[in-house]
Amino acid sequence: MKAFTYNALPGRVVFGVGALEYLQREIERIEAKRALVLSTPQQRGQADDIAARLGERCAGVYAQAVMHVPIETARAARAEAKRLNADCAVAVGGGSTVGLGKAIALESSLPILAIPTTYAGSEMTPIYGLTEGGQKRTGRDPRVLPKTVIYDPSLTLTLPIALSITSAMNAMAHCVEALYAEDANPIVSLMAEEGIRALARSLPKLNANPDDVDVRSDLLYGAWLAGAALGAVGMSIHHKLCHTLGGSFNLPHSEVHTVILPHATAYNRAAAPEAMTRIAAALGASDAATGIWELERSLGAPLTLKEIGMKEEDLDRAARLATERPYFNPRPVEYSAIRALLNNAFHGRKPTEMNQGQ
Ligand code: NAD
């Protein structure tokens, strides 16, 4: 066995249908008396419900979260937290809302209680992102890791099916890259493999049963494991490409993860054989990359960069941006190979060994 360092992230998770009933108990546990509830404008209704449940312990609702945490939104939310003398941020929503909570915590060390409603996984990580002048910068800081996470699958019933699918593939991407991470360790690898298994078995049931709370529970369970893996070990080429395509070309977050994942997996096929075997086994497929692609195709998920808004003439620049600074990846990151990967993703080609030129 390879030598490893295992770091467990602190944090408390309350999971289950109806877990929201424990909100008061959890707020008291972190000794918060003036919680600021955060959400996107679209989830204002859920935020108001949380505020009502908090009663006297709610200082206000700030429903202005948007994708990628623009610095102006972060500043306005920080000012609102100060104005209301908030002693805690309760983030109800996906990565955008949790990200806004993190932007507040980064400056003020305000504790965050997260109530995730997508599968993006930000609630389990000390990673934050802020966008200033069109550039997104990310960093790690233990202050932004939520103190408590309440996963209540009932809150995910309203997540539209198309977004549920791409968000779950976003979660699967964390698991795939955790399995070949430079700092991988046996515990996180178990979580990642189990995460893929839970997501892969529940996704095909979602189309037929979007309101089945057991299916939603299994998806959220997979998403939790995926977020924990993302928070614990380093990511590689897949996340680098998605960050580049999302940040510099404004492609939608979970969709870009969905399109890139089969191709990033194929890119590392020969360089990470043990991870590939585990991914394929968890998918119930003979090959990791084609297994992911087949799963996505069967779900009607987007398969091409073209359909999610990428322009073909921008592929050269995207490949340059994704290869200009060195970072860990099982297979060396080279411009021409990454350009070929992007071309395959642009057209949504099945990532067989032959199609990938391997
Ligand atoms: P999101 O938070 O932007 O949500 C997408 C849309 O779906 C929003 O309009 C939201 O209000 C709505 N929505 C969410 N849950 C819903 C529900 N249950 N019912 C109805 N509508 C719902 O999307 P996301 O994919 O969760 O997050 C993407 C952002 O999170 C990106 O900016 C990404 O970079 C960031 N992210 C950060 C980390 C990290 O560790 N820091 C991890 C993953 C994602």
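Everything below is about the structure shown above.
Residues numbered from 1 in each chain as written. Predicted model: local features only at pLDDT ≥ 70, side-chain atom pairs only at ≥ 80, totals over all residues. Heavy atoms only, no water.

Student: Which parts of the structure should I look at to understand unusual backbone geometry?
Tutor: A negative phi angle is the norm for most residues apart from glycine, just as the trans form is the norm for most peptide bonds. Of note, Glu-31 is a non-glycine position whose phi angle comes to about 60°, a positive value. Mapped onto the elements of the fold, Glu-31 is located in the loop between helix H1 (23-29) and strand E2 (35-38). Its relative accessible area of 63% is what places Glu-31 among the exposed residues. You will see that Asn-85, though not glycine, has its phi angle at about 55°, which is positive. Secondary-structure assignment places Asn-85 in the loop between helix H3 (71-83) and strand E4 (88-93). (Helix = DSSP H or I, 4+ residues; strand = E, 2+ residues; numbered from the N terminus. Buried < 20%, exposed > 50% of the residue type's maximum accessible area, 1.4 Å probe, protein only.)

Student: When you look at the site of the ligand in this model, what are you seeing that I'm missing?
Tutor: In the region of the ligand, 23 residues are neighbours, and Thr-40, Ser-96, Thr-117, Thr-118 and Thr-125 sit closest. Taking Ile-127, its main chain carries an N or O atom lying 2.9 Å from a nitrogen atom of the ligand. Side-chain polar atom of Lys-136 to an oxygen atom of the ligand: 2.8 Å apart, as the coordinates give it. No other element matches the three residues that helix H4 (residues 95-108) contributes to the shell around the ligand. When the residues that make up the shell around the ligand are grouped by side-chain class, the tally is seven nonpolar, 14 polar and two charged. (Near = heavy atom within 4 Å. Polar contact = N/O pair within 3.5 Å; in protein donor to acceptor, adjacent residues only side chain to side chain. Nonpolar A, V, L, I, M, F, W, Y, C, P; charged D, E, K, R; others polar.)

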